[in-house]
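Read off the chains here:
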Amino acid sequence: MMEYETTIVAQPDWSADQSRQFCERLTQIVERTGGVVFLNRELGRRRLAYRIGKQTRGCYCYLNYGSNGEAVAELERVLRLDEAVLRYLTVQVGSVVSVETRRAKVLEDEARLAHLFGTGSEVTFGMDESLPAAGGT
Amino acid sequence: MRRFREEKDGKEKGKGKGKAAKRRPVTRRRACRLCADTKLILDYKDLRLLQQFISERGRIIPRRVSGNCAYHQRTVGLAVKRARLLALLPFTSMQH
Ligand SMILES: [Zn+2]
């Protein structure tokens, strides 16, 4: 079984609740296709480093899971079709020897992710253009 | 944080070829930071770390300047490109 992580950039108009639901839906897809989800986290809204379509900001979601690859195919199929999704990236992290051992490390990973992304607050990295600060349009 | 040879780059090209050996600033090859500190894990999500390897315009700093070893420079390149794909880092500063 391989370990993968998928990061998704979705359109910014979602509430925190909606992005959590979205993460939940992705988790179900992985589990339906025989994968095991280790970590699913909503990373909050942040300003994009460049415009995608008309959006200058996006909702980031993160999913870490183990699968034989089927889950990746199905997940990416769904993401491709979903119009709310601006970008997604799946990376193979390594192979999972034992699900239990991997699970035991999850808290550590979550802490690291929280450290990198903060908790839901808006952070800007990269070029800070003089973009309108207000959301919408 | 900025590398000192960065600004000079473009200007020195094509000038005084014959004296090139004399004019080259004496800089010690610095050790690869990522080799030196094994606790630094390069990850496309770690923007704080990645930003130390890109210029203000968002370009990847060459390893001749940053001092990275070949292996780590490739890792940096991969991580920066992944971060760009997710709009975490810019491709250029000229967009918008
Ligand atoms: Zn190195």
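Residues numbered from 1 in each chain as written. Chains lettered and ligands numbered in written order. Predicted model: local features only at pLDDT ≥ 70, side-chain atom pairs only at ≥ 80, totals over all residues. Heavy atoms only, no water.

## Quick look at the overall build of chain A
Along chain A, the regular secondary structure elements total 4 helices and 4 strands. The buried share of chain A, taken over its 137 residues, is 49%. (Helix = DSSP H or I, 4+ residues; strand = E, 2+ residues; numbered from the N terminus. Buried < 20%, exposed > 50% of the residue type's maximum accessible area, 1.4 Å probe, protein only.)

## A short note on the coordination of the zinc ion
Residues and elements named next belong to chain B. Looking at the metal site, the zinc ion is ligated by Cys32 (SG), Cys35 (SG), Cys69 (SG) and His72 (ND1), spaced 1.9 to 2.3 Å from it. One way to put it: the 4 donor atoms around the zinc ion meet at angles of 102 to 115 degrees, and that makes the site tetrahedral. Mapping the donors of the zinc ion onto the primary sequence gives the spacing C-x2-C-x33-C-x2-H. Taken together, the residues Cys32 in the loop between helix 2 (20–23) and helix 3 (33–36) and Cys69 in the loop between helix 5 (63–66) and helix 6 (70–85) connect sequence positions 37 residues apart. (Donors = N, O, S within 2.8 Å, 3.2 Å for Na, K, Ca; no water. Tetrahedral: all angles 85-135°; square planar, octahedral: opposite > 155°, others 65-115°.)

## Some thoughts on the interface of chain B and chain A
Contacts between the two partners involve 22 residues from chain B and, on the opposite side, 26 residues from chain A. Where chain B abuts chain A, roughly 2200 Å² becomes buried across the two surfaces, and 63% of that area is made up of carbon and sulfur atoms. Linking chain B with chain A are 2 salt bridges. Applying the counting rule to chain B against chain A returns 9 residue pairs in polar contact (both at pLDDT 80 or more). Of all the elements in the fold, those that place two or more residues in the side of chain B that touches chain A are helix 4 (47–50) and helix 6 of chain B. Of all the elements, helix 6 of chain B adds the most residues to the side of chain B that touches chain A, at 3 residues. Classifying every residue of the side of chain B that touches chain A by side-chain character gives 10 nonpolar, 5 polar and 7 charged. (Contact = heavy atoms within 4.5 Å. Buried area = accessible area lost by both parts, 1.4 Å probe. Salt bridge = Lys/Arg side-chain N within 4 Å of Asp/Glu carboxyl O. Polar contact = N/O pair within 3.5 Å; in protein donor to acceptor, adjacent residues only side chain to side chain. Nonpolar A, V, L, I, M, F, W, Y, C, P; charged D, E, K, R; others polar.)

## Considering the pairing of strand 1 (residues 2–10) of chain A
All names here are of chain A. Burial of strand 1 is extensive: 8 of the 9 residues sit out of reach of the surface. When strand 1 meets strand 3 (residues 55–67), the two strands line up antiparallel, connected through 9 bridges. By the bridge assignment, Met2 is partnered in strand 3 with Ser67. Of the pairings in the sheet, the one linking strand 1 to strand 4 (residues 85–95) comprises 9 bridges and is antiparallel in character. Within strand 4, the residue paired with Thr6 across the bridge is Thr90. (Pairing = 2+ DSSP bridges.)

## Remarks on the sheet that holds strand 2 (residues 36–52) of chain A
Read from one edge to the other, the open sheet built from 4 strands follows the order 2-3-1-4 (chain A), with strand pairing classed as antiparallel. Looking at which strands have only one partner, the edges of the open sheet turn out to be strand 2 and strand 4 of chain A. Averaged over neighbouring strand pairs, the angle between their axes works out to 20 degrees when direction is ignored. Judged from the 11 bridges that link them, strand 2 of chain A and strand 3 of chain A form a sheet pairing that is antiparallel. Pairing of A:Ile52 across the sheet is with A:Gln55, part of strand 3 of chain A. Packing of helix 4 (residues 106–117) of chain A onto the sheet brings it into contact with strand 2 and strand 3 of chain A, and relative to strand 2 of chain A it is tilted by some 10 degrees. Lying over the sheet, helix 6 of chain B contacts strand 2 and strand 4 of chain A, oriented at roughly 150 degrees with respect to strand 4 of chain A. (Axes fitted to C-alpha atoms, helices over the stretch in contact; angles between N-to-C directions.)

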